[in-house]
Amino acid sequence: MTETGTATAGATAGEVPPELAALRSSIDNIDAALVHLLAERFKCTQRVGVLKAEQQLPAADPAREERQITRLRSLATSAGLDPVFAEKFLNFVIAEVIHHHQRIAEGG
Ligand SMILES: O=C(O)C(=O)C[C@]1(C(=O)O)C=C[C@@H](O)C=C1
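Read on for an overview of the structure. The structure displayed is predicted, hence computed values, not measured ones.

Another point: the site of the ligand. Of all residues adjacent to the ligand, which total 14 residues, the nearest are Lys52, Asp61, Glu65, Gln68 and His101. Interatomic distance of 2.8 Å between a backbone N/O atom of aspartate 61 and an oxygen atom of the ligand. When the free accessible area of the ligand is taken as 360 Å², the share hidden by the protein chains comes to 90%. Among the detected pockets, the ligand sits in the largest pocket.

And the structure:
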């Protein structure tokens, strides 16, 4: 910051370098795709939650999760994504799904 409070390091408004703007545009598209993919996944798991509640199956299936984690870690490694991050992300999503399943089973 200068004495007048103007940012000196980094671009000021209207001066975003073209490459940064292009990368941000791709990031925005990817974020939109992720939201849509997650929405589709939650539509599926909502139906799974209803099926499990109807058939009195437990909300969580740890054996299934083990297989998903093994598979996702392998996919992540092949794709150049940190497998530790991939596992954390899947666990985060699954924890939310299990909460949804429990709410459905409780009639909520
Ligand atoms: O496959 C199931 O049984 C699900 O309920 C879905 C799901 C998932 O989100 O992938 C969620 C909870 C289970 O522990 C395992 C997997």
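From this point, the discussion proceeds with the structure in view.
This next bit is on the layout of surface pockets. Estimates place the volume of the largest pocket at around 260 Å³. Along the wall of the largest pocket there are 14 residues; nearest its centre are Lys52, Arg64, Gln68, Val97 and His101. Looking at the lining of the largest pocket, the elements with two or more residues in it are α1 (18–54), α2 (62–79) and α3 (83–105). Residue classes in the lining of the largest pocket are distributed as six nonpolar, three polar and five charged. Volume-wise, the second largest pocket comes out at about 160 Å³. Along its surface, the second largest pocket is lined by Leu34, Leu37, Leu38, Arg41, Phe89, Leu90 and Val93. When residues of the lining of the second largest pocket are traced back to their parent elements, those giving at least two are α1 and α3. The dominant element in the lining of the second largest pocket, judged by the number of residues it contributes, is α1, at four residues.

Parameters at a glance
Residues numbered from 1 in each chain as written. Predicted model: local features only at pLDDT ≥ 70, side-chain atom pairs only at ≥ 80, totals over all residues. Heavy atoms only, no water. Near = heavy atom within 4 Å. Polar contact = N/O pair within 3.5 Å; in protein donor to acceptor, adjacent residues only side chain to side chain. Areas by Shrake-Rupley, 256 points an atom, 1.4 Å probe, with all protein chains shown as cover. 1 Å grid on protein atoms, 1.4 Å probe; cavity = no way out; pocket = protein on both sides within 12 Å on 5 of 7 lines; lining within 4 Å. Sits in = over half its atoms within 2 Å of the grid points. Points joined across faces, edges and corners; volume = space filled by probe spheres on them. Helix = DSSP H or I, 4+ residues; strand = E, 2+ residues; numbered from the N terminus. Nonpolar A, V, L, I, M, F, W, Y, C, P; charged D, E, K, R; others polar.

Honestly, it's all geometry; don't read function into it.
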